Number of protein chains: 2
Amino acid sequence: MNLFFQPGISQGIHHLDREESHHAIRVLRMSEGQQLHLTDGLGTFYVARITKPDPKKCEFEITENKLAKPKKFHIHIAIAPTKNADRIEWFVEKATEIGVDQISFMLCKNSERKVINHERIEKVAISAMKQSQQAWLPKIRKMTPFKEVMSFSANQKMIAYVDSSNPKHLHSVAKPEKRYLVLIGPEGDFAKEELELALQNGFEKVSLGQNRLRTETAGLASCHILNLINR
Amino acid sequence: MNLFFQPGISQGIHHLDREESHHAIRVLRMSEGQQLHLTDGLGTFYVARITKPDPKKCEFEITENKLAKPKKFHIHIAIAPTKNADRIEWFVEKATEIGVDQISFMLCKNSERKVINHERIEKVAISAMKQSQQAWLPKIRKMTPFKEVMSFSANQKMIAYVDSSNPKHLHSVAKPEKRYLVLIGPEGDFAKEELELALQNGFEKVSLGQNRLRTETAGLASCHILNLINR
């Protein structure tokens, strides 16, 4: 089944945007009266009927809507983008498939990348949401300096950082049904002063296991663990 | 720390192969008497001293060796390679980082890809092992028809397959300290007859959660879950 993404349906937008219209009418050759499956990315699935198969602006009328299973937890991963842009996009795709609510890109002292292509990353998230048949589009935040990330709200704040103090594994630290915020550092890891600032701001050090994971792998592993403890 | 890979050290091979020699001497500009950290990919780390800094055949003498922490479990993922070769390589890289002992590529009825570049995939695994500072190189098996996979030995055999019978989640089905074999199907999923054959051969159906995951994501998720229940 093809799932289409159309924001603003509940605000009365009853047509597909240009790209999705093209995909439905030109690529999939859909025609008037055919059934469309849609989501607004905000937790609702819709079934609609095509009323005007315009490849630039395909109009439809809603015949059904169904709320996705409500989430009892919220996963926010703040991650320092990797030097290699593919690895960030890979992380966004996989985290979206596995389930993530918010991704923030964090500017750290040791960040090798200071800019991201936000529009491109949004597209990756949208296509991963559609591919995995979900009704929730993760919120992707622009680059945020580490200091500002300290003030993000959550009721379980953790920083992935392994040192001589051997922190506990995220799998045993995280409690079910919380709003989580997990910080994932850059290739060069967090600077000591960033770690201290995080600890002062109520973040708990967590480990993701014995192996040294790349930034994007650590981000995905965190996401997966938080989904597992909430299943 | 740079970790070098050199097979056969315990059989008396005390030089780096061409690629690693080039990396040590030409790229990292290492010289006689300098310390090398190595692994044989079979669970041993070595410390050595460079005796002949030849960029084609760098010779060394072992000064220390240390066995990696022995593994009490064994993860074997048999996966149908994806149409897009990057996704297979991505899976191999990430599974190696997270921890996997054996990867088999499986030829299924609905497989979209019937050949893999074994040499290239081996390289991906080696560099992921080195990057994540591990002493275990996963064994990568060539393409194997689904029927032959049925006879692979393991003491917990599972097939990732979700249907109306709502199988239990891998996280609750898998028991610690076993030899696991998990089958991950192709984009078009397993054929009904493949599923039946697997069930006849003692495989248990498992779920990886509610979201529809891509083949490579399902493979990595399985690997990660099996590592988590054994930590």
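Just above sits the structure.
An account of the accompanying structure is given in this report. None of the values given here were measured: they were computed from a predicted structure.

1. Some remarks on unusual backbone geometry
Residues and elements named next belong to chain A.
Here's step 1: At Arg-29, a residue that is not glycine, the phi angle is positive and equals roughly 55 degrees.
Here's step 2: Within the secondary structure layout, Arg-29 lies in the loop between helix H1 (18-27) and strand S2 (35-39).
Here's step 3: On the basis of relative accessibility, which here comes to 66%, the residue Arg-29 falls in the exposed class.

2. A look at the pattern of salt bridges
Here's step 1: Under the counting rule described, the total for this entry stands at 31 salt bridges over all chains.
Here's step 2: Residues Asp-101 of chain A and Lys-71 of chain A are paired through a salt bridge, measuring 3.0 Å at the closest nitrogen-oxygen approach. A residue pair is termed long-range when its members are at least 10 positions apart, and Asp-101 of chain A in the loop between helix H2 (85-98) and strand S6 (102-107) and Lys-71 of chain A in the loop between strand S4 (59-67) and strand S5 (74-79) qualify at 30 residues.
Here's step 3: Relative accessible area serves as the criterion here: at 30%, Lys-71 of chain A is assigned to the partly exposed category.
Here's step 4: Here Lys-94 of chain A makes a salt bridge to Glu-93 of chain A, at a shortest N to O gap of 2.8 Å. By the burial criterion, Lys-94 of chain A is buried, and Glu-93 of chain A matches it.
Here's step 5: A single network of salt bridges, built from pairs that share partners, joins Arg-87, Arg-214 and Glu-216 of chain A together with Glu-93, Lys-94 and Glu-97 of chain B.

3. A look at the sheet that holds strand S7 (residues 139-145) of chain A
Residues and elements named next belong to chain A.
Here's step 1: On the basis of which strands lie adjacent, the open sheet formed by 6 strands has the order S7-S6-S5-S9-S8-S10 and parallel pairing. Strands at the two margins of the open sheet, each flanked by one partner only, are S7 and strand S10 (204-206). Mean inter-strand twist for the sheet, computed between neighbouring axes without regard to direction, equals 25 degrees.
Here's step 2: Those strands touched by H2 are S5, S6 and S7, and its axis lies near 155 degrees from that of S6.

4. A closer look at the interface of chain B and chain A
Here's step 1: Of the residues lining the interface, 29 residues belong to chain B; the matching set on chain A comes to 29 residues.
Here's step 2: Counting each side, the surface lost to burial between chain B and chain A is near 2600 Å², with a carbon and sulfur contribution of 47%.
Here's step 3: Counting across the interface, chain B meets chain A through 6 salt bridges.
Here's step 4: Between Glu-216 of chain B and Lys-94 of chain A there is a salt bridge, and its shortest N-O distance comes to 2.6 Å.
Here's step 5: At the surface where chain B touches chain A, the tally comes to 22 residue pairs in polar contact (both at pLDDT 80 or more).
Here's step 6: Only helix H2 (85-98), helix H3 (118-131), helix H5 (170-173) and helix H7 (215-228) of chain B provide two or more residues apiece to the side of chain B that touches chain A.
Here's step 7: Taken together, the residues of the side of chain B that touches chain A break down into 7 nonpolar, 12 polar and 10 charged.

5. Structural notes on the packing of aromatic side chains
Here's step 1: Taken as a whole and assessed by the stated rule, the structure comprises 3 aromatic pairs over all chains.
Here's step 2: Between Lys-94 of chain A and the ring centre of Trp-90 of chain B, over which it is positioned, the NZ or CZ distance is 5.0 Å.

6. Considering the packing of H2 of chain A against helix H3 (residues 118-131) of chain A
Two measures define how a pair of helices packs: the angle their axes make with one another and the distance between the axes.
All names here are of chain A.
Here's step 1: The interhelical angle for the contact between H2 and H3, taken along N-to-C directions, is 30 degrees, at an axis separation of 8 Å. Classed by the angle they form, the pair H2 and H3 counts as roughly parallel. For the pair H2 and H3, the crossing hand works out as right-handed. For the pair formed by H2 and H3, the contact residues are Ile-88, Glu-89, Val-92, Glu-93, Thr-96 and Glu-97 on the first element and Arg-120, Ile-121, Val-124, Ala-125, Ala-128, Met-129 and Gln-131 on the second.
Here's step 2: When grouped by side-chain class, the residues that make up the contact of H2 with H3 number 7 nonpolar, 2 polar and 4 charged.

7. Description of empty space enclosed by the protein
Here's step 1: Using the criterion set out here, one finds 3 cavities of 30 Å³ or more in the structure.
Here's step 2: Roughly 70 Å³ of internal volume is contained in the largest cavity.
Here's step 3: Contributing to the lining of the largest cavity are Ile-98, Thr-217, Leu-220, Ala-221 and His-224 of chain A together with Ile-98, Thr-217, Leu-220, Ala-221 and His-224 of chain B.
Here's step 4: Sorting the residues of the lining of the largest cavity by element identifies helix H7 (215-228) of chain A together with H7 of chain B as the ones contributing at least two each.
Here's step 5: For the lining of the largest cavity, the per-class residue count stands at 6 nonpolar, 4 polar and no charged.

8. Description of a positive patch on the surface
All names here are of chain A.
Here's step 1: Side chains of Arg-18, Arg-26, Arg-29 and Lys-56 sit close together on the surface and give a patch of like positive charge.
Here's step 2: Counting through the fold element by element, Arg-18 comes out in helix H1.
Here's step 3: When its relative accessible area of 56% is taken as the criterion, Arg-18 is described as exposed.

Quick notes on the rules
- Residues numbered from 1 in each chain as written.
- Chains lettered and ligands numbered in written order.
- Predicted model: local features only at pLDDT ≥ 70, side-chain atom pairs only at ≥ 80, totals over all residues.
- Heavy atoms only, no water.
- Helix = DSSP H or I, 4+ residues; strand = E, 2+ residues; numbered from the N terminus.
- Buried < 20%, exposed > 50% of the residue type's maximum accessible area, 1.4 Å probe, protein only.
- Salt bridge = Lys/Arg side-chain N within 4 Å of Asp/Glu carboxyl O.
- Pairing = 2+ DSSP bridges.
- Axes fitted to C-alpha atoms, helices over the stretch in contact; angles between N-to-C directions.
- Contact = heavy atoms within 4.5 Å.
- Buried area = accessible area lost by both parts, 1.4 Å probe.
- Polar contact = N/O pair within 3.5 Å; in protein donor to acceptor, adjacent residues only side chain to side chain.
- Nonpolar A, V, L, I, M, F, W, Y, C, P; charged D, E, K, R; others polar.
- Phe/Tyr/Trp six-rings, centres within 6.5 Å; stacked < 30°, edge-to-face > 60°.
- Lys NZ or Arg CZ within 6 Å of the ring centre and 35° of its normal.
- Parallel < 35°, antiparallel > 145°, perpendicular 65-115°, else oblique.
- Left-handed = near helix turned anticlockwise from the far one by under 90°.
- 1 Å grid on protein atoms, 1.4 Å probe; cavity = no way out; pocket = protein on both sides within 12 Å on 5 of 7 lines; lining within 4 Å.
- Points joined across faces, edges and corners; volume = space filled by probe spheres on them.
- Patch = residues over 30% accessible without salt bridge, like charges linked within 9 Å, V, L, I, M, F, W, Y side chains within 5 Å.
- Areas by Shrake-Rupley, 256 points an atom, 1.4 Å probe, with all protein chains shown as cover.
- Lys, Arg positive; Asp, Glu negative; His and termini not counted.
- Charge placed at Lys NZ, Arg CZ, Asp CG, Glu CD.

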